[in-house]
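Structure assessment
Single-letter residue listing:
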Amino acid sequence: MRNTAMKRILMIFFMCFAQALSSYAQTTENDFERGMAKLNLKDYSGAVVDLTKAIELNPKDEKAYYYRGMAKGNIEEDFRGSIEDLTKAIKLNPMYKEAYYYRGIAKSFLKDYKGAIKDLTKVIELNPMYEDAYYERGIAKYKLKDNKGAIKDLTKAIELNPKYEDAYYYRGMAKGNINDPRGSIEDYTKVIELNPKNAGTYSIRGMMYLLIYNTESACLDFSKADELGDTDAYENIEKYCN
């Protein structure tokens, strides 16, 4: 009789415990889902509040730290707060490539380009086909004046995505920095093919044409840039084309 009663007590205890766990998990999930909904609506402050609640209930939820870090990066550019959360996500999941990626971008915003390169290299180790990681690492190298390293990474990004407009643009910039105006012109021409209304690129390509003494093509580019609204183009026309 006592054994039967004890079994019933234990059964009730475990049922209540299971219900409590279920309620706890549901609360955590609700906070996380609300945070995600607010993040999608660009209510970044609200997302931080809800994701913080989710973290308080489950301090080992790497996704909550990751998305809170994303939200913080959009609140008055709190990149340090973002890095802190992304670092926590990585500690909980050392294979979290998206966390490495966005931590690398946050470091770039803070001009910690060497730190950014380290994180983006980790992303590439985890996923060698991650085109944006090559692009962002190339930009970080460009900022450090490692133009040849930048060209290598941007070329890889282009191999993975032949329509990567920004990669062509910055590769053209890097080529210009190593005195390769013809290579630069090729890249700017590709940018214009992909985006014919990119006024600034016409102006920059025009300057590269001047470096190879092709004034006619330079002036055609300056005129097109002026037509598209580049405010500096008219000055170039006055200086080089009259």
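For the structure, check the block above.
Just so it is clear, the structure is predicted and the values come from calculations on it, not from any experiment.

If you tally the helices and strands in the protein chain, you get 13 helices and zero strands. Secondary structure elements of the protein chain occur, N-terminal to C-terminal, as α-α-α-α-α-α-α-α-α-α-α-α-α. The buried share of the protein chain, taken over its 242 residues, is 43%. For the protein chain, the proportion of contacts with a sequence separation of at least 24, taken over those separated by at least 6, is 44%. Total accessible area on the protein chain stands at roughly 14,400 Å², and carbon and sulfur atoms take up 53% of it.

Let's shift gears to the side chain of glutamate 136. Residue position: glutamate 136 is located in helix α7 (residues 131-143). Buried charge without a salt bridge: glutamate 136, with lysine 143 as the nearest opposite-charge side chain at an N-O distance of 9.7 Å.

With their axes 9 Å apart at the nearest point, helix α6 (residues 113-126) and α7 run at an angle of 155° to one another. When the axis of α6 is compared with that of α7, the two are roughly antiparallel. Crossing angle aside, the handedness with which α6 passes α7 is left-handed. When α6 is examined against α7, the residues Tyr113, Ala116, Ile117, Leu120, Thr121, Val123 and Ile124 are found in contact with a partner set consisting of Ala133, Tyr134, Glu136, Arg137, Ala140, Lys141 and Lys143. Partitioning the contact of α6 with α7 into residue classes produces nine nonpolar, one polar and four charged.

Criteria and cut-off values
Residues numbered from 1 in each chain as written. Predicted model: local features only at pLDDT ≥ 70, side-chain atom pairs only at ≥ 80, totals over all residues. Heavy atoms only, no water. Helix = DSSP H or I, 4+ residues; strand = E, 2+ residues; numbered from the N terminus. Buried < 20%, exposed > 50% of the residue type's maximum accessible area, 1.4 Å probe, protein only. Contact = heavy atoms within 4.5 Å. Areas by Shrake-Rupley, 256 points an atom, 1.4 Å probe, with all protein chains shown as cover. Lys, Arg positive; Asp, Glu negative; His and termini not counted. Salt bridge = Lys/Arg side-chain N within 4 Å of Asp/Glu carboxyl O. Axes fitted to C-alpha atoms, helices over the stretch in contact; angles between N-to-C directions. Parallel < 35°, antiparallel > 145°, perpendicular 65-115°, else oblique. Left-handed = near helix turned anticlockwise from the far one by under 90°. Nonpolar A, V, L, I, M, F, W, Y, C, P; charged D, E, K, R; others polar.

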